[in-house]
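Observations on chain architecture
Below, each chain spelled out in residue letters.
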Amino acid sequence: MGYNKADLEKKALKILNDNPYIFIIQDVVALMPNCRATFYKYGLDKTDSIKEAIEGNKVKAKSKLKNHWINNPNPTTDIALYKLASTNEETEKLTSQKVSADIQGKIIIDFTTDD
């Protein structure tokens with residue numbers, strides 16, 4: 001079956017509009033009527049309109065979650081969804097821990113085995 005890039009782009013944008021919790025291109029591809037190879041062959045993953053729609057979904061979801069957290073005393077279950085929608089910097093801030101150690105003396109690591 002022959003596909004038209006403009007028609008496929010419209011279908012992808014409709015999928016993103018109908019599914020506000022799609023944050024990655026692979027989810028769009030999975031819901032398209034064409035195969036994955038066709039999606040990438042037409043460069044739909046690189047189109048500004050699709051990128052902007054995905055980014056819009058992320059921003060809306062994060063805003064909704066932030067509003068939800070204000071009224072919800074236990075937002076733990078929402079953190080996973082927020083991480084999916086967040087930027088790398090935001091994810092790093094959510095997951096990073098400061099680890100420090102004060103070691104005195106010598107550390108020996110022996111990778112030999114007693115076979």
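Quick look at the structure, then. (Residues numbered from 1 in each chain as written. Predicted model: local features only at pLDDT ≥ 70, side-chain atom pairs only at ≥ 80, totals over all residues. Heavy atoms only, no water.)

Here's the deal with the nonpolar core
In terms of nonpolar packing, the biggest core is built from 13 residues, with Val28, Met32, Phe39 and Ile50 touching the most fellow members. Take this core: its biggest share by element is four residues, from helix α1 (residues 5-18). Those residues in contact with Ile50 that sit more than four places away from it in its chain are Glu9, Ala12, Leu13, Leu16, Ile25, Phe39 and Leu44. (Core = buried A, V, L, I, M, F, W, Y, C linked by side-chain atoms within 4.5 Å. Buried < 20%, exposed > 50% of the residue type's maximum accessible area, 1.4 Å probe, protein only. Helix = DSSP H or I, 4+ residues; strand = E, 2+ residues; numbered from the N terminus. Contact = heavy atoms within 4.5 Å.)

Looking at the pattern of salt bridges
Proximity of charged atoms lets side chains of opposite charge pair with each other. The tally for this structure, following the rule as stated, stands at three salt bridges. In this structure, the salt-bridge partner of Asp45 is Lys46, at a minimum N-O distance of 3.5 Å. Salt-bridge contacts for Lys62 lead to Glu90; the nearest nitrogen and oxygen are separated by 3.0 Å. Of this pair, Lys62 sits in helix α4 (residues 48-71) while Glu90 is found in helix α6 (residues 88-95), placing the two residues 28 residues apart along the sequence. Glu90 gets classed as partly exposed once you look at its relative accessible area, which sits at 24%. (Salt bridge = Lys/Arg side-chain N within 4 Å of Asp/Glu carboxyl O.)

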